[in-house]
Amino acid sequence: MAVLLLAEVNNGELAFDATAKAVTAAKALGDVTVLCAGASAAAAGEAAARINDVAKVLVAEDASLGHRLAEPTAALITSLAGDFSHICAPATTDAKNIMPRVAALLDVMVISDVSGVVDADTFERPIYAGNAVQTVRSKDVTKVVTFRTSTFDAAGDGGSASIETIGAAHNPELSEWVEDKVAESDRPELTSAGVVVSGGRGVGSKDDFALIERLADKLGAAVGASRAAVDSGFAPNDWQVGQTGKVVAPDLYVAVGISGAIQHLAGMKDSKIIVAINKDEEAPIFQVADFGLAADLFSAVPELIEKL
Amino acid sequence: MKVLVPVKRVIDYNVKVRVKADGSDVDLANVKMSMNPFDEIAVEEAIRLKEAGKAEEIVVVSVGVKQAQETLRTALAMGADRAILVVAAKDVHTDIEPLAVAKILKSIIDEEKPGIVLAGKQAIDNDMNATGQMLSALLGWSQATFASKVEIDGNHAVVTREVDGGLQAIKVKMPAVVTVDLRLNEPRYASLPNIMKAKKKHLDEKTPEDYGVDVSPRLEVVSIAEPKARKGGEMVDSVDMLVSKLKEAGAI
Ligand SMILES: Cc1cc2nc3c(=O)[nH]c(=O)nc-3n(C[C@H](O)[C@H](O)[C@H](O)COP(=O)(O)OP(=O)(O)OC[C@H]3O[C@@H](n4cnc5c(N)ncnc54)[C@H](O)[C@@H]3O)c2cc1C
Ligand SMILES: Cc1cc2nc3c(=O)[nH]c(=O)nc-3n(C[C@H](O)[C@H](O)[C@H](O)COP(=O)(O)OP(=O)(O)OC[C@H]3O[C@@H](n4cnc5c(N)ncnc54)[C@H](O)[C@@H]3O)c2cc1C
């Protein structure tokens, strides 16, 4: 059995952590060939070749593959599909955009957000905002799977796989990139950070969200937010943690002014240690918190920053 | 231009689902069901397109059990014009997979010829996040997922998408399949007079056989289990105690 794994490549650079976690999940299924596609992807290909347990790397560089538009990327993957029993990717927004398209082109189902591999046909995935775990067995010839990275450890960095350069597929020219609005940040990336500090509606304003960011910086943490905080404009969309945002499982998750709705818990309840700071003793977040502090965040957080 | 919006009937987002004791399924008997929240956003966007003079007709489609009628009536009460219900299951626990839903939607679209499809980015029950992308592939149309802004300009649409790194804007050729994200709009509530009016709007009932689509699942559900429970609930009295507990646990 052979696995084709779409690497996460952003602007020519390999997202090592997300890709290496997917490699860990995929290697149980067969020999892993990693595909690095992009307008520039050679450097990403070299980085991917160093991931342990990767058998081979394919590099496809073409202007049409820049910005990871779904149609040309799906066309490329479909053209390679014949050689593989499984086509996989880490469950990033890019892969969630591309992989269902690939599956439909192959007339197979996609299996999204897999959190466990039982055998080559059988997978576990969370459903209903993580309130149930479904085990599904695929009857399709080719399995198209995305892996929830928060549940797999990253494969190490010591391999030396061979690299082959391939061409792009025909570009259907259905869409074109216009612009990215990406905030540069020196903080760790949310889904791979060891510590995450998140703020909710209780923080009250965009200005006061700086308090959450100060605590995060003190802990060397990434910053997250609840949907309510994002909807209210306190924080950008890519900080949203939850069922319909990012799923994180850091060593330490600090939830500040967040009530603990099931949709939020779905994105963080696999964190190793959860701390909650909320002025309402009855807030549901305390039921999942290892350490709960019922206090006003505007006094507790500055004190915490000082004492850390 | 005609707009087609697929809407799914799902467990209400406020309800915490329970797994049946025998692990065969989740228990959906007697729980509140509602329109998938993302689909409300899609219906709202369609109505706004119509109000802006960019669309003439809004057709809503649901694939599922007969009770999905209620979901379609809600969409009609919000402002959709016409509904199609494809009755594909008898039991609320039988869910139709995105690939089969996409095939049925494709057949409907071949007949209806909409200029745009607005779907939810994911259904909050199975969280597959797949139907729109699969439909776009089957149609050979452009796709723009996770939309937080949609601007239609003649033969193109510029769509701003919520992605891992922030926002991405892309320009897609029409016709297109767009899947909507949370920040696109705030859906309206249906007013009582509109709920009454919706009862008279046209709702067509079909079956998958009418479209020649085989809905048998590709994925067999082996079992459904409760997730590992977390043992939380320890309270600390002060910031000092929190800091010492975190040190003890080796977290800082
Ligand atoms: C389809 C759908 C998808 C969703 N997806 C997500 C998702 O991915 N992620 C997500 O987070 N949510 C999601 N939600 C929203 C979710 O249901 C909740 O509405 C949201 O998580 C609430 O955010 P919150 O806890 O910040 O706000 P609230 O529930 O309003 O809680 C604010 C908390 O702050 C506390 N507080 C207020 N002032 C202070 C103070 N001074 N000091 C200390 N504490 C204070 C309050 O006691 C309260 O507990 C989704 C909802 C739907 C319908
Ligand atoms: C308990 C349980 C039992 C299951 N049993 C079966 C089974 O017996 N048979 C089977 O085939 N599968 C079964 N499944 C698999 C499951 O049905 C699919 O994984 C699921 O339907 C697809 O995901 P989604 O609905 O989250 O779609 P998504 O792709 O997340 O939905 C995205 C959008 O597509 C549109 N859409 C999706 N579905 C519909 C619809 N039906 N009508 C109109 N628009 C729609 C909406 O706009 C929606 O917002 C079962 C799953 C569970 C959890």
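Residues numbered from 1 in each chain as written. Chains lettered and ligands numbered in written order. Predicted model: local features only at pLDDT ≥ 70, side-chain atom pairs only at ≥ 80, totals over all residues. Heavy atoms only, no water.

**Q** Please clarify how the side chain of R125 of chain A should be interpreted in this entry.
**A** Relative to the helices and strands, R125 of chain A is located in strand β9 (residues 122–127). Buried charged residue R125 of chain A carries no salt bridge. Nearest counter-charge: D113 of chain A, at 6.1 Å. Those residues within four positions of R125 of chain A in sequence are excluded, and the remaining contacts are I111, S112, D113, V114, S115, A132, V133, Q134 and V136 of chain A together with N126, D127 and M128 of chain B. (Helix = DSSP H or I, 4+ residues; strand = E, 2+ residues; numbered from the N terminus. Buried < 20%, exposed > 50% of the residue type's maximum accessible area, 1.4 Å probe, protein only. Lys, Arg positive; Asp, Glu negative; His and termini not counted. Salt bridge = Lys/Arg side-chain N within 4 Å of Asp/Glu carboxyl O. Contact = heavy atoms within 4.5 Å.)

**Q** Help me understand the pairing of strand β14 (residues 195–199) of chain A, please; the structure alone is not making it clear to me.
**A** Consecutive side chains of a regular strand alternate in pointing toward one face of the sheet and then the other. Residues and elements named next belong to chain A. Summarising burial for β14: 5 of the 5 residues are buried, a large majority. Burial of the side chains of β14 extends over both faces: V195, V197 and G199 are buried on one face and V196 and S198 on the other. Direction of pairing for β14 relative to strand β16 (residues 252–256): parallel, over a ladder of 5 bridges. Within β16, the residue paired with V196 across the bridge is Y253. The pairing of β14 with strand β15 (residues 222–225) spans 4 bridges and is parallel. (Pairing = 2+ DSSP bridges.)

**Q** Any chance you could explain the pattern of salt bridges here in plain terms?
**A** Opposite charge on two side chains permits pairing when their charged atoms draw close. On inspection of all chains with the given rule, the structure shows 37 salt bridges over all chains. Measuring nitrogen to oxygen at the nearest pair gives 2.7 Å for the salt bridge that ties D107 of chain A to K103 of chain B. Taken as a pair, D107 of chain A in the loop between α4 (93–105) and β7 (110–114) and K103 of chain B in helix α3 (residues 98–112) lie in two separate chains rather than in one. By relative accessible area, which is 34% here, D107 of chain A ends up partly exposed. A residue is classified by how much of its surface remains accessible, and K103 of chain B, at 24% relative accessible area, is partly exposed. Of the charged contacts, one joins R137 of chain A and E220 of chain B as a salt bridge, the two residues approaching to 3.2 Å between their closest N and O atoms. Separated into two different chains, R137 of chain A in strand β10 (residues 132–138) and E220 of chain B in strand β12 (residues 219–225) make up a pair that spans both.

**Q** Would you take a moment to explain the sheet that holds strand β11 (residues 202–206) of chain B for this structure?
**A** Within a beta sheet, neighbouring strands are joined by backbone hydrogen bonds and run either parallel or antiparallel to one another. An order of β13(A)-β9(B)-β8(B)-β7(B)-β10(B)-β6(B)-β1(B)-β4(B)-β5(B)-β11(B) is seen for the 10 strands of this open sheet, with the pairing classed as mixed. Two strands bound the open sheet, and with one partner strand each, they are β13 (175–182) of chain A together with β11 of chain B. Averaged over all neighbouring strand pairs, the angle between strand axes comes to 30°, with direction disregarded. Relative to strand β9 (residues 166–173) of chain B, strand β8 (residues 156–163) of chain B is paired through 8 bridges, and the arrangement is antiparallel. Across the sheet, V159 of chain B pairs through a bridge with I170 of chain B, a residue of β9 of chain B. (Axes fitted to C-alpha atoms, helices over the stretch in contact; angles between N-to-C directions.)

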